[in-house]
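As a plain string of letters, each chain reads:
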Amino acid sequence: MRKPKIVILGAGYGGLMTATRLQKQIGVNEADIILVNKNDYHYETTWLHEASAGTLHHDRVRYDIREVIDTHKVEFVQASVEEIKTEENTVILDNGEISYDYLVIALGAEAETFGIKGLKEHAFTIVNVNAARQIREHIEYQFATYNTEKEKKDERLSIVVGGAGFTGIEFLGELANRIPELCKEYDVDYHKVKLICVEAAPTVLPGFDPELVNYAVSYLEKKGVEFRIGTAIKEGIPGGIIVAKGEEEVEEIKAETVVWAAGVRGNSVIENSGLEAMRGRVKVAHDLRVPGKDNVFIVGDCSLVINEEINRPYPPTAQIAMQQGEVCARNLAALVRGKTELETFEFHNKGTVCSLGEDEAIGTAFGKKVIGGKAALLKKVIDNRSLFMIGGPSLVFKKGKFNIF
Ligand code: FAD
């Protein structure tokens, strides 16, 4: 009898978790497993703000996919997914096509600029290793160039971060630590540097406990961050942005570096493939399958799961992507073995920790608030745990964060 073919698209948290769990749960005679990813490496998306600020080398945030998959059981294909033809059980790649019996879509997120003019052209986004490397190099270039010019352009030393959500705040925390180093390295007066966070919402870190938010804001302000809250970015322009507070107070902020960190959407492959989605995220059934398509699962940022308690979608996180990967693997193993009853996905929120640089953080864990050094320590434990879940102790030894005491 022909073995079923399981194709997993994307080797991020959701896809790699599915693949590494599945390889333990089913035998080589039960199914062929194929993992497709754009690069031959996995990157820790949750560490990209560090690589972008230059506080962690980009090679520390990535590792070879073949290090964590069992290549006797999982075939790795390096390719970029262009389109999924669910009617034909086929995936179109940039270098060919691949058919499947069961499909897992785990292609992650893309930046969402909500149609704000000029942002795509003039702002950076923290979306992958290449983008992170480009942001780091761009900032460094501005500092390196500043003292070489006859007419010094102070906007070279201005960095605007759009969005005071999780990613924006974590990036600002890293930048606040990196700036003094850059000033020293390039003989730049620290007082000339501007680090501005522009946020349209009335608060920083919406959804976080107010005590934690106050701690984060005052800590970052002490480190030189200027917050412009209730201020919307209206346009990205060469060398800066146009912002507005209310309808009237329109202002231009000159900055050679603008990083947009205020929104994500599911991968555009989802919509290009005609799947019904909200901002590239498909509302999946309880067993993580696409409604009406019994052989297609979606995990991670391309999926949308409703938090029944508040009747709103869970925010896309690595935590949920990994938990989905575990359930998806078990459901695939069940289907391969001819079972029809599948497990319902339930999210177990273990808490959230937002770093404010290397040694500071805020968050909640198991319902309790954590602040400062303790929270920073917990963040590193969380980072190491995610390595452990996918690659076991050897990956933690290779890539883990041990500067914790
Ligand atoms: P990803 O892990 O992003 O993986 C997607 C994979 O698909 C990548 O390997 C990519 O290369 C590949 N891919 C994309 N397009 C294609 C294509 N066309 N063809 C082939 N391969 C493709 N979440 C938390 O829970 N905690 C945090 O502290 C946290 N911090 C964050 C900090 C930052 C700076 C950012 C940006 C995000 C953070 N998140 C955090 C969110 C978290 O990173 C995402 O929710 C998570 O990565 C989603 O997992 P995923 O498997 O859906 O996608």
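Residues numbered from 1 in each chain as written. Predicted model: local features only at pLDDT ≥ 70, side-chain atom pairs only at ≥ 80, totals over all residues. Heavy atoms only, no water.

Enquirer: So what's going on with the packing of aromatic side chains? Residues and values would help.
Expert: Taken as a whole, this structure holds four aromatic pairs when the rule is applied. Geometrically, the ring pair formed by Tyr-41 and Tyr-43 is tilted, given 6.4 Å between the ring centres and 55° between the ring planes. Taking 6.3 Å as the distance between ring centres and 40° as the angle between the ring planes, the aromatic pair formed by Phe-166 and Phe-208 counts as tilted. Of this pair, Phe-166 sits in helix H5 (residues 166–185) while Phe-208 sits in the loop between strand E13 (194–199) and helix H6 (210–222), and the two are 42 residues apart along the sequence. The ring of Trp-47 is capped by Lys-401, whose NZ or CZ atom sits 4.1 Å from the centre of that ring. (Phe/Tyr/Trp six-rings, centres within 6.5 Å; stacked < 30°, edge-to-face > 60°. Helix = DSSP H or I, 4+ residues; strand = E, 2+ residues; numbered from the N terminus. Lys NZ or Arg CZ within 6 Å of the ring centre and 35° of its normal.)

Enquirer: Describe the site of the ligand, listing the residues and the values that go with them.
Expert: Around the ligand lies a shell of 31 residues, among which Gly-14, Val-81, Asp-301, Ala-318 and Lys-379 are the nearest. In this structure, Thr-317 approaches the ligand through a main-chain N or O atom, which is 3.4 Å from an oxygen atom. If the ligand stood free it would expose 1,000 Å²; the protein chains cover 90% of that surface. Where the shell around the ligand is concerned, the elements lending two or more residues are helix H1 (13–25), H5 and helix H8 (318–336). Of the residues that constitute the shell around the ligand, the class distribution is twelve nonpolar, 15 polar and four charged. (Near = heavy atom within 4 Å. Polar contact = N/O pair within 3.5 Å; in protein donor to acceptor, adjacent residues only side chain to side chain. Areas by Shrake-Rupley, 256 points an atom, 1.4 Å probe, with all protein chains shown as cover. Nonpolar A, V, L, I, M, F, W, Y, C, P; charged D, E, K, R; others polar.)

Enquirer: An account of the sheet that holds strand E16 (residues 240–245) is requested, with residue identities and associated values reported.
Expert: Each strand in a sheet pairs with another by means of backbone hydrogen bonds, the pair being arranged parallel or else antiparallel. The strand order across the open sheet formed by three strands is E15-E16-E17, and the pairing between neighbours is antiparallel. A strand with exactly one partner marks an edge of an open sheet, and here the two such strands are strand E15 (232–237) and strand E17 (249–254). Taken over all neighbouring pairs, the strand axes of this sheet differ in orientation by 25° on average, direction set aside. Two elements, E16 and E17, share six bridges in a ladder whose sense is antiparallel. Bridge pairing in E17 links Val-243 to Glu-251. (Pairing = 2+ DSSP bridges. Axes fitted to C-alpha atoms, helices over the stretch in contact; angles between N-to-C directions.)

Enquirer: Describe the environment of His-42, with residues and values.
Expert: By the element assignment, His-42 lies in strand E3 (residues 41–43). Take His-42: its relative accessible area is 0%, and that puts it in the buried class. Sequence separation between His-42 and Tyr-13 is 29 residues; the distance between their C-alpha atoms is 8.6 Å. Discounting chain neighbours no more than four positions away, the residues touching His-42 are Ala-11, Gly-12, Tyr-13, Leu-16, Val-61, Arg-62, Tyr-63 and Ile-65. Within polar-contact distance, the side chain of His-42 engages the backbone oxygen of Ala-11 at 2.8 Å. Among the polar contacts made by the side chain of His-42, one reaches the side chain of Glu-44 at a distance of 2.9 Å. (Buried < 20%, exposed > 50% of the residue type's maximum accessible area, 1.4 Å probe, protein only. Contact = heavy atoms within 4.5 Å.)

Enquirer: Could you give me a rundown of the sheet that holds strand E26 (residues 351–355), with the residues and numbers involved?
Expert: Pairing is antiparallel across the open sheet formed by three strands, whose spatial order is E26-E27-E28. Looking at strand neighbours, the two that pair on one side only are E26 and strand E28 (368–371), the edges of this open sheet. For this sheet the average axis-to-axis angle between neighbouring strands, irrespective of direction, equals 10°. Taken together, the four bridges between strand E27 (residues 361–365) and E28 define a ladder with antiparallel strand orientation.

Enquirer: So, the nonpolar core: which residues are in play, and what are the values?
Expert: In terms of nonpolar packing, the biggest core is built from 118 residues, with Leu-9, Leu-35, Val-36, Ile-105, Phe-143 and Ile-169 touching the most fellow members. Here the element with the most residues in this core is H8; it accounts for twelve residues. Each residue touching Ile-169, except ones within four places of it in the same chain, is listed here: Ala-164, Val-204, Leu-205, Leu-220, Phe-227, Cys-354, Ser-355 and Leu-356. (Core = buried A, V, L, I, M, F, W, Y, C linked by side-chain atoms within 4.5 Å.)

Enquirer: Any chance you could break down the pairing of strand E6 (residues 81–85) for me, citing the residues and the numbers?
Expert: Here four bridges tie E6 to strand E7 (residues 90–93), and the two strands are oriented antiparallel to one another. Within E7, the residue paired with Ile-84 across the bridge is Val-91. Taking the residues that link successive antiparallel strands as the turn, the E6-E7 hairpin has four residues, and the phi of Asn-89 there is positive, at about 50°.

Enquirer: Describe in detail H5, supporting the description with residues and values.
Expert: Given a rise of 1.5 Å per residue, 20 residues ought to cover 28 Å, and the 29 Å separating the end C-alpha atoms of H5 matches this to within 8%. For H5, the principal kink sits at Arg-178 and spans about 30°; a proline, Pro-180, occurs within the next four residues. (Expected span 1.5 Å × (residues − 1). Bend = angle between axes of the 7 residues up to and from the residue.)

Enquirer: Explain the pattern of salt bridges to me, and be specific about the residues and the numbers.
Expert: Using the criterion set out here, one finds 27 salt bridges in the structure. In this structure, the salt-bridge partner of Asp-101 is Arg-2, at a minimum N-O distance of 2.8 Å. Within this pair, whereas Asp-101 is found in the loop between strand E8 (96–99) and strand E9 (102–105), its partner Arg-2 is found in the segment before strand E1 (5–9), the two being separated by 99 residues in sequence. On the basis of relative accessible area, Asp-101 is assigned to the partly exposed category, the value being 22%. What makes Arg-2 exposed here is its relative accessible area of 60%. We note a salt bridge from Glu-235 to Lys-117, for which the minimum N-O separation is 3.8 Å. Taken as a pair, Glu-235 in strand E15 and Lys-117 in the loop between strand E10 (109–111) and helix H3 (119–122) lie far apart in primary sequence, 118 residues in all. Residue classification places Glu-235 among the partly exposed positions, given a relative accessible area of 24%. Judged by relative accessible area, which is 57%, Lys-117 ranks as exposed. Through salt bridges with shared partners, a single network forms among Glu-112, Arg-265, Glu-271 and Arg-279. (Salt bridge = Lys/Arg side-chain N within 4 Å of Asp/Glu carboxyl O.)

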